[in-house]
Amino acid sequence: MSDAKPRVRVQAGSARTTDSFQNLQARLGYGANNLASHARYAYNPITRNRQQLDWMYRGSWIVGAAVDAPADDMVKAGIKIKGSLSPDDIQKLETLLVRTGTWTGIANTTRWSRLYGGAIGVLLIQGQDLSTELRIDTVARGAYKGIYVLDRWMLTPSLTDLVREPGPCLGQPMYYDVNAGVPMGGARIHYSRVIRLDGVELSYWERVAEMGWGLSVLERIYDRLIAFDSTTNGAAQLVYKAHLRVMKVKDLRTAIAAGGRAIEGVVKNLEMIRAMQTNEGMTVVDAEDEFVPHTYTFSGLSDILLQFAQQLSGALGVPMVRLFGQTPTGLNTNGESDLRTYYDQIGQYQRANLTEPMTKILHVAHKSLTGKLPEADFDFEFSPLWQLTDEQKASIASTVGTTIGAAFNDGIIDQPTAMKELKQSSETTGIFTNITDDMIEEADLAPPAFGETPGASGAELGAQADGSGAEGSLANPGGDEAGAAAVAGEPTPSPTPPMPLAAGVGRLDLNLDPQTRVRLVRPANG
């Protein structure tokens, strides 16, 4: 006897299942044979229609703003270069980026990637073969010339020769062949020599269908664009019909059929009425005729336009104050919160998509400028788009200075640490920017100032001197510092009178050695 279970053959076919609310009797819910059940999303790949995209970009200001605004904002604030470079070298490097049009190249690469779905920026390095792998150590001095932008329609990627090395470029084309008829036509470019940006990222098979590129940002909002422009133009057309005047003429049909002098008399009568309808004129009609004006009201149109505008703003991720130049209306609303959210999105895109390309550009520019590879601590960060006002910077600087000064006076931190904190705060406030690493190192290696022993406060030194903890200060050498010198058996020096600083910051001791060094000194008694 067999224990095998009987097999049940299921007839091939398909069945529709739904997992949402339904009321078939009332025809409610998806699949209940109502109008909503027949809605579908159609395939409208306008990303592949370059001419249509060009017409939209050239002819629609809203399309131009949707494409240009994020691209321009990506580079508007620039970057902050960090590392052991001197301020002069940093200034020269920033000048090189501006002079070679690097920021414009990055902005245009972002711009055309958003419009067409993909673009590359080619690093122009004089004297090197574009088809070979980029080696930054071979970049000659003065060889970096900027970035040249090529959109996806100017290129043919090597779809059968892909990057197989693990990394962010895995699976991308190894080479890009420039199409004939465009600048650099016929050139083959190695992937290591370009910065590549895609529009909207797609899944693998959709990306294959787009020859490895992404999606235009306009494809997702195409129906909303049509709705917005149609509503706008429809409202504009209504203006022509805002004031209609109707005149009822007895036996008009007979006059039109008769023609000749009969219809000429009707036309002459209408022209006379229109000529006399002025602010100080009057409308004169036959006793059997009737003149009726009709006025159209536009109530509700502004709300409809606003809704479509908000949909476009949400679909693009660009606030209305940036996309339309409109400040939100309402109580306590000025658009700042929307801008902050938008700037955070721009910062996230920069970190995710521009960090690696910008690192490559900076290393090439540094080698071209100095003839040397950057040091290990060479780094950068994108400057935030949201900038503090001068009043806010001054307030923050005052608070930070007071806090650091209090910690220094209480012996919690020493002078080098205080200088490091002030230098770090300068990235936000723009104050104390002239404190260099060399100054901090010099302060760290400098001997203790008069009356100052590492790890001991002035009051402790005074207590060691006479056992009573006599009070003293830098302005009073007879106090703690004098006692400390007496214990050591050394003659009491006559220091230069200190210069008091702002409350909580400490004092300046002018140590007039050959280098005329100015140092922060913690007073003995706070």
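This section reports on the structure supplied with the text. Keep in mind that this is a model prediction, so the values were computed, not measured.

As for the sheet that holds strand β2 (residues 118-125)
Then, in step 1: One open sheet accounts for three strands, arranged β3-β2-β7; its pairing is antiparallel. At either end of the open sheet lies a strand with only one pairing partner, and these are β3 (144-151) and β7 (194-198). If you compare each strand with its neighbour and ignore which way they point, the axes differ by 15 degrees on average.
Then, in step 2: Note: β2 against β7, five bridges, orientation antiparallel. Note that in β7 the partner of Gly118 across the bridge is Asp198.
Then, in step 3: Packed onto the sheet, helix α4 (residues 102-116) meets β2, β3 and β7 and runs at close to 10 degrees relative to β3.

With respect to the sheet that holds strand β5 (residues 175-178)
To summarise the sheet geometry, strands pair through backbone hydrogen bonds and adopt either a parallel or an antiparallel arrangement.
Then, in step 1: Spatial ordering of the open sheet is given by β4-β5-β6, a layout of three strands whose pairing is antiparallel. Looking at the sheet topology across the chains shown, the edges are occupied by β4 (155-157) and β6 (188-190). Along the sheet, successive strands turn relative to each other by an average axial angle of 30 degrees, direction set aside.
Then, in step 2: Strand direction decides the pairing type here: β4 and β5, joined by three bridges, are antiparallel. By the bridge assignment, Leu155 is partnered in β5 with Val178.

A word on the packing of helix α3 (residues 87-99) against helix α12 (residues 336-370)
Each packed pair of helices is defined by two parameters, the angle between the axes and the distance between the axes.
Then, in step 1: It is at 10 Å that the axes of α3 and α12 come closest, and there the two elements cross at 110 degrees. Here α3 lies roughly perpendicular to α12, going by the angle between them. Where α3 crosses over α12, the two elements pack in a sense that is right-handed. Side by side, α3 and α12 meet where Asp89, Lys92, Leu93, Leu96 and Leu97 of the first sit next to Met358, Ile361, Leu362, Ala365, His366 and Leu369 of the second.
Then, in step 2: A class-by-class count of the residues in the contact of α3 with α12 yields eight nonpolar, one polar and two charged.

With respect to the side chain of Lys367
Then, in step 1: Tracing the sequence through the fold places Lys367 in helix α12.
Then, in step 2: Despite its burial, Lys367 remains without a salt bridge, the nearest opposite charge being carried by Asp137 at 7.3 Å.

Details of a nonpolar patch on the surface
Then, in step 1: A contiguous nonpolar patch, built from Met272, Met276, Met282 and Val284 and spanning about 350 Å² of accessible area, is present on the exposed surface.
Then, in step 2: Among the secondary structure elements, Met276 is positioned in helix α9 (residues 261-276).

Remarks on the pattern of salt bridges
Then, in step 1: Evaluation of the coordinates by the stated rule reveals 15 salt bridges.
Then, in step 2: The closest approach of N and O atoms between Lys250 and Glu288, which form a salt bridge, is 3.0 Å. With Lys250 in the loop between β8 (243-248) and α8 (252-258) and Glu288 in the loop between α9 and β9 (290-295), the pair connects residues that are 38 residues apart, well separated along the chain.
Then, in step 3: The exposure class of Glu288 is exposed, given its relative accessible area of 52%.
Then, in step 4: Salt bridges here are not isolated pairs; linked through shared partners, they connect Arg48, Arg152 and Glu210.

Thoughts on α3
Then, in step 1: Taking 1.5 Å of rise per residue, the 13 residues of α3 would be expected to cover 18 Å, and the 18 Å separating its terminal C-alpha atoms lies within 8% of that figure.
Then, in step 2: By the burial criterion, the buried members of α3 are Ile90, Leu93, Leu96 and Leu97. The buried residues of α3 occupy an angular sector of 120 degrees when the element is viewed end-on, so they sit on one face. Across α3 from its buried face, at more than 90 degrees, point the exposed residues Pro87, Asp88, Val98 and Arg99.
Then, in step 3: Elements that come into contact with the buried residues of α3 comprise β1 (79-82), α4, β3 and α12.
Then, in step 4: Where α3 ends, the next residue or the one after it, Gly101, has phi of about 70 degrees, a positive value.

Cut-offs and rules
Residues numbered from 1 in each chain as written. Predicted model: local features only at pLDDT ≥ 70, side-chain atom pairs only at ≥ 80, totals over all residues. Heavy atoms only, no water. Pairing = 2+ DSSP bridges. Helix = DSSP H or I, 4+ residues; strand = E, 2+ residues; numbered from the N terminus. Axes fitted to C-alpha atoms, helices over the stretch in contact; angles between N-to-C directions. Contact = heavy atoms within 4.5 Å. Parallel < 35°, antiparallel > 145°, perpendicular 65-115°, else oblique. Left-handed = near helix turned anticlockwise from the far one by under 90°. Nonpolar A, V, L, I, M, F, W, Y, C, P; charged D, E, K, R; others polar. Buried < 20%, exposed > 50% of the residue type's maximum accessible area, 1.4 Å probe, protein only. Lys, Arg positive; Asp, Glu negative; His and termini not counted. Salt bridge = Lys/Arg side-chain N within 4 Å of Asp/Glu carboxyl O. Patch = residues over 30% accessible without salt bridge, like charges linked within 9 Å, V, L, I, M, F, W, Y side chains within 5 Å. Areas by Shrake-Rupley, 256 points an atom, 1.4 Å probe, with all protein chains shown as cover. Expected span 1.5 Å × (residues − 1). Arc of directions from axis to C-beta.

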